[in-house]
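Listed below are the residues making up each chain.
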Amino acid sequence: FEQGRELADEVIANYYREHGRYPDKLAFSLWSIETLRHSGVLESQALYAMGVKPVWSDDGRVVGTEIIPAAELKRPRVDVVLSATGLYRDAFPNVMQRLAKAIEQVAQLKEDNNSLWDNSQRIAQQLQQQGVEAQEAQYLSTVRIFSNASGEYGSGVNDAVVASDTWEQDSKIADLYMSKMGYFYGSDNSRWGKKVGLVTGPDGREQEVNLYAQQLSGTDVALFSRSSNVSGMLSSDDPFEYFGSLALAVRNLDGKSPAMMI
């Protein structure tokens, strides 16, 4: 956590120096093998960006999380979106649950300079306008963790990227990525690995709700961890399959790529 806090501070401070404002949203690509190597540094970055710290037991196990008071944090709370691979989902469901509950707590914390609250309120309103029932929209607006459907693996884009003769616009890759990786994992375990799907709007017409797209939109910085040089960023398709596709999705949603930091 100390390493993650230091890195999060650097990311946020560097962004402020470059842009003259704090980032509104960070997106993280979570890999299970990376987490095994760095022992949760990337997860700690996400926690500290939101203004949250772990609570440890006497024997050193993480047993909960605690919101850092705004006066102690001394900067805005930064929104986060977490994209977990299928292997991460299988290896660390307890960590995902811990993160999801922490995110939900901060997203419900009504205070100044809390982008999780601000973005959640905006998305809840959007979902209701699309036809999602109010209580469900409120819950979905606080969800920030996404992955494959349970039992599925891969973003689906590696073969599609190689088959570049089959598409003209990279929006096809972005849409495929969000379709494959757009299953939500919130604080309610009974609804893990679900999609919002089709809803009937106020006009009586059915439409597909893409919660992952709504949460990804507005991402300022995408972050990815490499804690070993056994293989390089270009040694396989895995880095672009997840990290590259995440940034590509943001660019197709917002018309501008996020900063990408490794």
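Just so we're clear, the structure is a prediction, and the values are computed from it rather than from any experiment.

Visitor: Help me out: how do you make sense of the pattern of salt bridges in this one?
Guide: In a structure, side chains of opposite charge can pair up when their charged atoms sit close to one another. Following the criterion strictly, the structure yields 10 salt bridges and no others. A salt bridge links aspartate 59 to arginine 61; the nearest nitrogen and oxygen atoms lie 3.3 Å apart. Note that arginine 144 is salt-bridged to aspartate 79, the shortest N-O span being 2.8 Å. Of this pair, arginine 144 sits in the loop between helix H8 (134-140) and strand S5 (145-147) while aspartate 79 is found in strand S4 (residues 79-84), placing the two residues 65 residues apart along the sequence. Just as arginine 144 is buried, aspartate 79 falls in that class too. Because the salt bridges share partners, they merge into one network encompassing Glu136, Asp188 and Arg191.

Visitor: Just checking my understanding: could you explain the nonpolar core for this structure?
Guide: Proteins that are soluble and globular tend to have nonpolar side chains buried together. One finds Leu211 and Tyr212 to be the most contacted residues of the largest nonpolar core, which totals 35 residues. Of all the elements in the fold, those that place two or more residues in this core are helix H7 (115-130), H8, helix H9 (157-162), helix H10 (171-181), helix H11 (211-216), strand S9 (221-224) and helix H12 (238-254). The greatest single-element share of this core, amounting to six residues, is contributed by H12. Judged by nonpolar contacts, the second largest core, of 33 residues, contains Phe28, Val80, Ala100 and Ala107.

Visitor: Got a minute to help me understand the pairing of strand S2 (residues 52-56) in this structure?
Guide: Two faces belong to every sheet, and in a regular strand the side chains alternate between them. Looking at chain direction, S2 and strand S3 (residues 62-67) are connected through five bridges and run antiparallel. Residue pairing for S3: valine 55 is matched across the bridge by glycine 64. The turn linking S2 back onto S3 is made up of five residues, and glycine 60 within it adopts a positive phi angle of 90°.

Visitor: What's the story with the confidence of the model for the chain in this structure? I'm lost.
Guide: Close reading of the predicted structure is inappropriate where its pLDDT is low. This prediction gives the chain a mean pLDDT of 93; 100% of its residues lie at or above 70. Mean pLDDT across the secondary structure elements of the chain bottoms out at strand S7 (residues 197-200), with 79, and peaks at S4, with 98.

Visitor: Got a minute to help me understand the environment of glycine 244 in this structure?
Guide: Tracing the backbone shows glycine 244 in helix H12. Residue classification places glycine 244 among the partly exposed residues on the basis of a relative accessible area of 24%. Residues glycine 244 and valine 80, 164 residues apart in the sequence, show an inter-C-alpha distance of 17 Å. The contacts of glycine 244, once residues within four sequence positions are left out, are Pro239 and Met260.

Rules of the game
- Residues numbered from 1 in each chain as written.
- Predicted model: local features only at pLDDT ≥ 70, side-chain atom pairs only at ≥ 80, totals over all residues.
- Heavy atoms only, no water.
- Salt bridge = Lys/Arg side-chain N within 4 Å of Asp/Glu carboxyl O.
- Helix = DSSP H or I, 4+ residues; strand = E, 2+ residues; numbered from the N terminus.
- Buried < 20%, exposed > 50% of the residue type's maximum accessible area, 1.4 Å probe, protein only.
- Core = buried A, V, L, I, M, F, W, Y, C linked by side-chain atoms within 4.5 Å.
- Pairing = 2+ DSSP bridges.
- pLDDT = per-residue confidence, 0-100.
- Contact = heavy atoms within 4.5 Å.

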